[in-house]
Structure formats: C-alpha cells, structure tokens
Amino acid sequence: MWYLKNALTRKNLMALTGLFLSFFLIIHLVGNLQLLLPEAEAQLQYNWYSRLLADNIFIKIIAMVLYLCILLHTIDAIYLTIKSKKAQGAGYAKDKRGRASKWYARNMMFLGSIVFLFLVIHFKDFWYQFKFGEMPLDANGNKDLYTLVVEAFDQLWYVILYVIAIIALGYHLLHGVFSAHRTLGLYHPLYSKIVKYLGIIYTVIMTIGYIIIPIFIYLNR
Amino acid sequence: MKLHLKIWRQKDSQSKGEFKAYTLEDVDQELSFLEMLDTLNLKLVKKGDYPVEFDHDCREGICGQCGMMINGIAHGPIKNLTTCQLHMRSFKDGDTIYIEPFRAAAFPIVRDLKVNRSSLDHIITSGGYVSVDTGQAPEANSIPIAHEVAEAAFDAAACIGCGACVASCKNASAALFTSAKITQLELLPQGQTETSKRVVAIVNQMEEEGFGHCTNTEACQVECPEDISVLNIPRMNYEYNKAKILNK
Ligand code: HEM
Ligand code: SF4
Ligand code: FES
C-alpha cells in the first residue's frame, strides 16, 4: 500500500482536498452574502435558497464530497504532523529557525485545529439545526434558517468567535493555497509566482467577505 | 574578544548528552568559526579533556562537512554560508553562543557536534546517478547542450550535501537536497531518460530514511549555503506524480 505510507502521495491528497474546500468557500460565501440584503427581502430569499440547495441531488452529492474532504484532509493533517514530529528528532535548545519562514506556514496544524473546532460549532449550530432540528417556518413555508443565523449573530461573543476563526482560516489559506500548487508540482518560476499572488488575492477576499457577514448583522440589528 | 560558549557534548549515539559551558578570552575577530573551536580544543587537550568533535574537511565552503547549529540557525547567523566561512567578526564581545548538532531522526549523533549523514548518501545511491557503460570519456561536444540548460543543471548540482536544509526544516525534510539531485540529472540528456525510474527510487529512499515531508515553508533555501532553489521541490513532486500516474 505505497500510497498510504508515502508522504508525497498523502500530501497530494491533502492539497486536492484543501483546494476543493477552498473552492467550496467561494460558493459558500456568495450564497451567504444574501444575508446582507434588507431584512424583509433577505429572510424569504435566504430560506428559499437554503431549501433549494437542500433539495438538489447534485448539491447533495457535492455535500457528501465536502464532508469526505474535511475528513480526509484532517486525517492526513494528523498523519503527516505525527510523521513530522518523528522525523525531527530531539529538537534544539536554542531554536531561531523561525527567521527563515512565515509563522503561519510553520503552524498550519494549529491554524487547522482552530478551523476544525470552529467547524464543529458551525455544523452543530446551523447545519444540524437545519437538517435535523425543529425549525419554525417562514411566510413561504420554508424552514426559517435566516432568523436562526441572525439571532446567533446578535450575541457579541458569537461574533468574536467567528472573527477569530475566520482570521485563523485566512492564515491557513494564505499558506495553504500557495503550498497546494507546489505540492501538486507547479514548478515554473513565473506561473508559480502568479499563483502565489492569486492565492493572496483569493485569501484576502475570502477573509474580508466572511468577516463582514457576522459584523454587519451584529451592527445592523 | 571574550566569548561564552554553550556546546552540546554527547559521548556516543546511545548516551545522554548535555550542554557544557566554556569561556574563551581574547578570541581574534579574524578567526573563522572552526578556528575558534580549534582554539578551544587545544585548551581542552592541554588540560587532558576530550576535545569537542565536529565534522570539517575543506574549510573553504565546498565539501559540506561542517554543519552545526549556531545560536539556533544552521551554519550560523549569515544566510547562505557554511560554518567554515563564518568568521568571529559576526559576533560581539561578551556574546553567548549556543552550538548544537544538526537534529533529525535521520541524522543520528556520532559524538558531540558530529552527526551521521549517511542517509543523504543512501538517497544518492538509490538513484542519483546515470547508468552508463564505463570506458573512454566520450567526446565532450557529441551531445549539444544549450548554455542555459547546462547552467540550470549546474545550479542544482551545486548542492554540497551539508544537510542544513534538513536541520532548518520544521519537518526535517530532505526535499531540497533530494530534488536538487533530481533536477540536476533530469536537465541533462544523459540523465533524462532515467528520470521516472530515478524519481520513484530516490523519493522512496528519502521516505525510508525517516525524513519528514515538505510543507513549503521555504526555510531551506534561506539557510542553504548554495542557495539551491525551492522550485526544485515542486519539480520533484511533478516528476514523481507523473511517474506514478503513468505507471512508469
Ligand atoms: C475550510 C477548511 C480548510 C481549508 C479550506 C483548508 C485548506 C488547505 C489547503 C489548500 C492546504 C494546502 C495543501 C498542501 O500544502 O498541499 C492545507 C494544508 C493543511 N491543512 Fe488545511 N484546510 C482546511 C481545514 C483544515 C483542518 C480542519 C485541519 C486540521 C485539523 C487542517 C490542517 C492542515 C495542515 C496540517 C496542512 C498542511 C500544511 C502544509 O503542508 O503546509 N486544515 N489546507
Ligand atoms: S540543498 Fe543546500 S542546505 Fe541542503 S544539503 Fe544541499 S547545499 Fe546543504
Ligand atoms: S569544511 Fe568543507 S564546507 Fe565547511
């Protein structure tokens, strides 16, 4: 089973699942920006949209792939981090190696763990409620996810939790998107540089986009 | 100038090591770092103590033997430089200097600052060569190679196998060393034909030696005495993936 033990192969899986998750983030952001519409409009439209996604077989398949990706990405992260720990040996009494690289590039597991804890809360409060919880209906008879979300973001501590998690995700992406291309083998000097800058632009848009939502809702109600 | 040294002393790979403190008075600024250690060793020998063991050979920056961790950085404070090319003028009077061996599971300690880097040799012997019939040296111009290609191959070939990339890497990955060898041989027509076979063998060997994986932090190139490009690493990944997908 060379592909289970080989770090290069495991790293490919990590990169592919990571890139899929990164792509999903775009769609997820676009959908959720509807939360920022004027309240009367937003409620009906957002609940309609959520129902549309929940009923679509194509989206259901994508969702399965998404769960699988989160799982595989996390398992690989743990596997590779353990492997790295073993390879390091005893470590240094005085360690100044940090001067040669970015802190977020060295702490991908830490950032990823924050993202993972956040995902657990995020899934429990919204995904689980929407799928399996008792939900009131809106005027059109759709589950009222909008009110659930908006009420959650009425609490300051909840907004702060989101902002922290999204900043962690932002730094994870800042290194992750760049690193994934290197892992998959993009070695051309110019294209590699272009992808690096595109990754930065992508990361900034995602981070700002996701941070705006809870803050906007908190301030506007 | 006066220096306070904290040096890792360890009798052999089995015993537990510890830091020992030494003080050197009147160190000349013009001494190289290794000459400073020679001065210390002379004192130790005169006292009947065992000298600090460290690897060195050429002392002119080309053999790659003199690897050690100086104040937490491979080959010391100056980027892209070997320990033997580091001079005491890079330090100040009264400085405390921590000197430790390179640390990696694949680099077991032999004694003090000396580590066994055979794992890098095993990577080379697993595929870092061109299979040719020996005999007379062939006519140099019988295979034309563009100047740029020769230069690029030479840039990768400049690796001196010091292991600073491994020591500087948070994952103790030998990806820079390994990929440089792959690029060097792949760029030249003599080595090209065996690329797929070589890449698979050499990457598997790298894994077997217990090196970590690459997470693209790019710390290796910063501390590499030869400034070997990190872009060799994605090239290795590309060639490895290609070989595996095409099942070569
Ligand atoms: C929305 C969620 C996430 C996204 C979009 C994401 C994205 C990425 C991407 C694109 C990479 C680069 C892959 C590579 O270097 O080849 C990556 C690497 C990584 N991720 Fe994630 N990730 C997410 C969640 C997580 C979680 C939950 C964990 C851990 C529990 C995690 C841990 C890691 C680690 C350790 C790496 C390797 C870092 C490296 O190689 O430099 N990630 N991630
Ligand atoms: S790549 Fe650089 S740091 Fe690594 S072994 Fe070669 S010369 Fe030393
Ligand atoms: S002793 Fe040869 S490179 Fe330093």
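Owing to the predicted nature of the structure, the values given are computational and were not obtained by experimental measurement. (Residues numbered from 1 in each chain as written. Chains lettered and ligands numbered in written order. Predicted model: local features only at pLDDT ≥ 70, side-chain atom pairs only at ≥ 80, totals over all residues. Heavy atoms only, no water.)

(A) Structural detail: the coordination of the iron atom of ligand 1. All names here are of chain A. Looking at the iron atom of ligand 1, the protein donor atoms are H73 (NE2) and H172 (NE2), and they sit 2.0 Å from it. Metal-centred angles of 85 to 179 degrees between the six donor atoms at the iron atom of ligand 1 mark the site as octahedral. In this pair, H73 is assigned in helix α4 (residues 57-88) and H172 in helix α8 (residues 156-184), connecting sequence segments 99 residues apart. As far as the burial class goes, H73 and H172 line up, both buried. (Donors = N, O, S within 2.8 Å, 3.2 Å for Na, K, Ca; no water. Tetrahedral: all angles 85-135°; square planar, octahedral: opposite > 155°, others 65-115°. Helix = DSSP H or I, 4+ residues; strand = E, 2+ residues; numbered from the N terminus. Buried < 20%, exposed > 50% of the residue type's maximum accessible area, 1.4 Å probe, protein only.)

(B) Spatial organisation of the sheet that holds strand β3 (residues 69-70) of chain B. All names here are of chain B. With respect to topology, five strands assemble into an open sheet ordered β2-β1-β5-β3-β4, the strand pairing being mixed. The sheet is open, and its two borders are formed by β2 (18-24) and β4 (73-74), each paired with just one other strand. Here β3 runs beside strand β5 (residues 96-100); their pairing, made up of two bridges, is antiparallel. Note that in β5 the partner of I70 across the bridge is I99. (Pairing = 2+ DSSP bridges.)

(C) Main features of the site of ligand 2. Within the structure, ligand 2 sits among B:C159, B:I160, B:G161, B:C162, B:G163, B:A164, B:C165, B:L176, B:F177, B:C224, B:P225 and B:I228. Listing elements by their share of the shell around ligand 2, those giving two or more residues are α4 (164-168) and α5 (175-187) of chain B. (Near = heavy atom within 4 Å.)

(D) Region of interest: α8(A). All names here are of chain A. In this model α8 runs 41 Å from its N-terminal to its C-terminal C-alpha over 29 residues, within 8% of the 42 Å that 1.5 Å per residue would give. Of all the bends found along α8, the most pronounced is centred on L173 and spans about 25 degrees. Count one or two residues on from α8 and you reach G185, which has phi positive near 105 degrees. (Expected span 1.5 Å × (residues − 1). Bend = angle between axes of the 7 residues up to and from the residue.)

(E) Spotlight on the pattern of salt bridges. Residue and element names in this part refer to chain B. Scanning the model with the defined rule gives 19 salt bridges over all chains in all. E25 serves as the salt-bridge partner of K2, at 3.8 Å between the closest nitrogen and oxygen. Taken as a pair, K2 in the segment before β1 (3-9) and E25 in the loop between β2 and α1 (33-47) lie far apart in primary sequence, 23 residues in all. Assessed through its relative accessible area of 32%, K2 is described here as partly exposed. (Salt bridge = Lys/Arg side-chain N within 4 Å of Asp/Glu carboxyl O.)

(F) Representation of the confidence of the model for chain B. With 100% of its residues at a pLDDT of 70 or more, chain B shows a mean pLDDT of 95. Reported for the predicted complex are a pTM of 0.93 and an ipTM of 0.91. (pLDDT = per-residue confidence, 0-100.)

(G) View of the pairing of β1(B). All names here are of chain B. By the criterion of burial, β1 is predominantly enclosed, with five of the seven residues buried. Examined bridge by bridge, β1 and β2 share seven bridges and lie antiparallel to one another. Looking at β2, one finds that L3 is bridged to L24. With four bridges joining them, β1 and β5 adopt parallel strand pairing. Paired with H4 across the bridge in β5 is T96.

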